[in-house]
Amino acid sequence: MYWEKELETLDRNALEKLQLERLTKSLRQAVNAPCYGQIPEINNVIKSGLKSIEQIRELPFTSKEDLRNGFPWGFLSADKREVVRLHSSSGTTGNPTVVYHNRHDLESWANLMARSIFSAGVRDTDVFQNICGYGLFTGGLGFQYGVEKLGCLSIPAGAGNSLRQIKLMRDFGTSVAHAIPSYLGRLFDVFKDEGLDPRKDTRLHTLVIGAEPHTEEHRQRIEELFGVKAYNSFGLSEMNGPGVAFECTEQDGLHIWEDAYVVEIIDPITLQPVAMGEIGELVMTTLDRQAMPLLRYRTRDLTRFIPGACKCGRTHRRLDRIAGRSDDMFIIKGCNVFPMQIEGILLKLPEVGDDYRIILDTMDDQDEMIIEVEVKKEWFNGDLAFLNNLERHITRLVRDEVLVRPLIKLVEPGSIPKSEGKAVRVFDHRQNKI
Ligand code: COA
Ligand code: AMP
Ligand code: ZN
């Protein structure tokens, strides 16, 4: 059992009262961080005392840019000796965004994770295979500790090596697995190539899918192919990682844990709250983090609250699936990429010309990132050895930066069609292959 019934079913008044208490505490903790300590609005709110949760709007927003500017310690609110782990988000230009945790933070995160997967019907009798990057990616250790807290037998399989994933599933009777939805197409094809059918040849009954946008149709297709129920998991490193919002067994929106976060949805242009049920940008404030509380963090994810109550009895509001981003970040193979990261690499190379474009496509069952790069006239002399070396060099630089191996295609200067107005750099032709 991992059902924090009292917290998960608090009525609105009691939930807001709890939020107010926790926010007051969080603000006091936050101003220990150099970057927050110097902001007058935060100190003013602390001085005058919080009377309602709406007063959160008197606080300034925090952006990814702010976090990068405060790198490495500017948002640390606790003594360094207390910090026991850091995670860092993929997909930043320049300094990475780093989040620090003390023991309390890790315990709180593990609770949220355990609560989340329980809400999706996972139990301690399940065998849970986590097909996700470990290390700095939060989906690895984030799920790991939650699954252990719930009491499942965990298989920390990590990302990659589909044949081994299948063998692990069959050897140990995996009943639940967590993976990004776009990888499951590849995994299904490897099952097929091996003459296996996941519906008959595994004990899978549940897949947890998340970390990247996907449609309802994609979810249904995954459910059909694998013979499972698939539940959406949403999170971001700045708010811990997974365990922020999760679908319960009703599969009707993702409960966002409001005892741990104050959630706002704003118009990304006017920065004002949108009406209930309308799409806007998700803004979040941590309520139970000590080493690094974050205030009004602009996630850039676009979504909406689903009005009304959920049949499961949980009272924490539900988010609709993510509808897009208010910036140009995209996700490939579970790794976040900003086009500026690629541009930053290319512009430093003397051989590279003025133009490039990024094409995202599905090839041989896998999503791939193809980067077409114009080579300067004086270098484009038909010397294949030189071009091969340059291709390898760019591949290496991009892989080191974004953690995904790109396919580099060097092209003659002037051969990339010019777009009208603002240059369009990313062309997404990926299909939900499965
Ligand atoms: N999850 C699991 N496996 C993945 C994957 C993903 N997101 N993306 C690709 N793979 C698999 C591929 O299928 C391939 O295995 P296979 O040939 O046995 O089927 C293997 O990983 C390598 O794929 P390749 O396309 O050569 O990858 P790459 O070198 O471009 O990228 C990865 C390397 C896959 C290791 C890197 O993209 C990664 O770590 N992704 C996981 C990110 C993640 O877990 N994100 C969630 C964070 S919460
Ligand atoms: P990271 O900080 O690397 O964990 O990446 C977090 C980002 O991944 C989020 O801000 C979203 O853009 C995206 N993401 C995570 N989970 C989901 C999901 N379930 N659906 C859509 N996008 C998601
Ligand atoms: Zn519910």
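For the structure itself, consult the block above.
How each quantity is defined
Residues numbered from 1 in each chain as written. Chains lettered and ligands numbered in written order. Predicted model: local features only at pLDDT ≥ 70, side-chain atom pairs only at ≥ 80, totals over all residues. Heavy atoms only, no water. Helix = DSSP H or I, 4+ residues; strand = E, 2+ residues; numbered from the N terminus. Expected span 1.5 Å × (residues − 1). Buried < 20%, exposed > 50% of the residue type's maximum accessible area, 1.4 Å probe, protein only. Arc of directions from axis to C-beta. Contact = heavy atoms within 4.5 Å. Donors = N, O, S within 2.8 Å, 3.2 Å for Na, K, Ca; no water. Tetrahedral: all angles 85-135°; square planar, octahedral: opposite > 155°, others 65-115°. Pairing = 2+ DSSP bridges. Axes fitted to C-alpha atoms, helices over the stretch in contact; angles between N-to-C directions. Parallel < 35°, antiparallel > 145°, perpendicular 65-115°, else oblique. Left-handed = near helix turned anticlockwise from the far one by under 90°. Nonpolar A, V, L, I, M, F, W, Y, C, P; charged D, E, K, R; others polar. Salt bridge = Lys/Arg side-chain N within 4 Å of Asp/Glu carboxyl O. Near = heavy atom within 4 Å. Polar contact = N/O pair within 3.5 Å; in protein donor to acceptor, adjacent residues only side chain to side chain. Areas by Shrake-Rupley, 256 points an atom, 1.4 Å probe, with all protein chains shown as cover.

Engineer: Lay out helix α13 (residues 384-402) with the relevant residues and their values.
Structural biologist: Given a rise of 1.5 Å per residue, 19 residues ought to cover 27 Å, and the 27 Å separating the end C-alpha atoms of α13 matches this to within 8%. All of the buried residues along α13 are Leu387, Leu390, Ile394, Thr395, Val398 and Val402. Taken down its axis, α13 places every buried residue within 140° of arc, on the same side. Relative to its buried face, α13 has exposed residues pointing more than 90 degrees away, namely Ala385, Arg392 and Arg396. Looking at the buried residues of α13, the elements they touch are β17 (335-337), α12 (339-347), β18 (352-363), β19 (366-375) and β20 (407-411).

Engineer: I'd like a rundown of the side chain of His101, residues and numbers included.
Structural biologist: Mapped onto the elements, His101 comes out in strand β2 (residues 98-102). For His101, a relative accessible area of 0% translates into the label buried. Setting aside its immediate chain neighbours within four residues, His101 contacts Glu82, Val83, Val84, Arg85, His87, Leu106, Trp109, Asn240, Arg289 and Ala291.

Engineer: Please set out the coordination of the zinc ion (ligand 3) residue by residue, giving values where relevant.
Structural biologist: The coordination sphere of the zinc ion (ligand 3), as far as protein atoms go, consists of Cys248 (SG), His255 (NE2), Cys310 (SG) and Cys312 (SG), spread over 2.1 to 2.3 Å. Considering all four donor atoms around the zinc ion (ligand 3), angles at the metal cover 103 to 116° and the coordination shape is tetrahedral. Summarised as a motif, the one-chain spacing of the donors to the zinc ion (ligand 3) is C-x6-H-x54-C-x1-C. The class for Cys310 is buried, based on a relative accessible area of 10%.

Engineer: Any chance you could break down the environment of Leu7 for me, citing the residues and the numbers?
Structural biologist: Looking at the element boundaries, Leu7 is found in helix α1 (residues 5-8). Ignoring any residue separated from it by four or fewer positions in sequence, one finds Leu7 in contact with Leu18, Arg115, Asp259 and His316.

Engineer: I'd like a rundown of unusual backbone geometry, residues and numbers included.
Structural biologist: Along the chain, Phe71 connects to Pro72 via a cis peptide bond; the corresponding omega equals 0°. Here Pro72 shows up in the loop between α5 (64-69) and β1 (83-88). Of note, Ala211 is a non-glycine position whose phi angle comes to about 75°, a positive value. Non-glycine residue Gln251 carries a positive phi angle of around 50°. On the secondary structure map, Gln251 appears in the loop between β8 (241-247) and β9 (254-256).

Engineer: Got a sec to walk through the sheet that holds strand β10 (residues 261-266)? Specific residues and values, please.
Structural biologist: Pairing in this open sheet of four strands is antiparallel, and the strands run β10-β11-β12-β15 from one edge to the other. Looking along the sheet, the strands with just one partner apiece sit at the ends: β10 and β15 (324-325). Of the pairings in the sheet, the one linking strand β11 (residues 280-286) to strand β12 (residues 297-303) comprises four bridges and is antiparallel in character. Bridging from a neighbouring strand, Gly280 pairs with Thr303 of β12.

Engineer: Now, about the packing of helix α9 (residues 181-193) against helix α11 (residues 216-226): what can you tell me, with residues and values included?
Structural biologist: Packing of α9 against α11 brings their axes to within 11 Å, and their N-to-C directions diverge by 25°. Accordingly, the angle class assigned to the pair α9 and α11 is roughly parallel. By crossing handedness, the relation of α9 to α11 is classed as left-handed. On α11, the residues touching Pro181, Ser182, Leu184, Leu187, Phe188 and Phe191 of α9 are His218, Ile222, Leu225 and Phe226. Taken together, the residues of the contact of α9 with α11 sort by class into eight nonpolar, two polar and no charged.

Engineer: Before we move on, could you go through the pattern of salt bridges and cite the residues and values that matter?
Structural biologist: Going through the model one piece at a time under the given rule, you end up with 33 salt bridges. For Glu238, the salt bridge goes to Lys64, with nearest N and O atoms at 2.7 Å. Pair noted here: Glu238 is in the loop between β7 (229-236) and β8 and Lys64 is in helix α5, with a separation of 174 residues, a long-range link. Glu238 sits in the buried class, given a relative accessible area of 3%. The exposure class assigned to Lys64 is buried, which follows from its relative accessible area of 14%. Put simply, Arg325 and Asp301 hold a salt bridge, and the shortest N to O gap is 3.0 Å. Taken as a pair, Arg325 in strand β15 and Asp301 in strand β12 lie far apart in primary sequence, 24 residues in all. By relative accessible area, Asp301 is classed as buried at 8%.

Engineer: Please provide a residue-by-residue account of the site of ligand 2, values included.
Structural biologist: In the vicinity of ligand 2 lie 20 residues, with Asn232, Ser233, Ser237, Asp301 and Asn336 positioned nearest. In the model, an oxygen atom of ligand 2 is placed 3.3 Å from a nitrogen or oxygen of the Arg325 side chain. Within the side chain of Asn336, one N or O atom sits 3.0 Å away from an oxygen atom of ligand 2. Protein coverage of the free-state accessible area of ligand 2, which is 500 Å², stands at 91%. In terms of residue count, β7 provides more of the shell around ligand 2 than any other element does, five residues in total. For the shell around ligand 2, the per-class residue count stands at seven nonpolar, nine polar and four charged.

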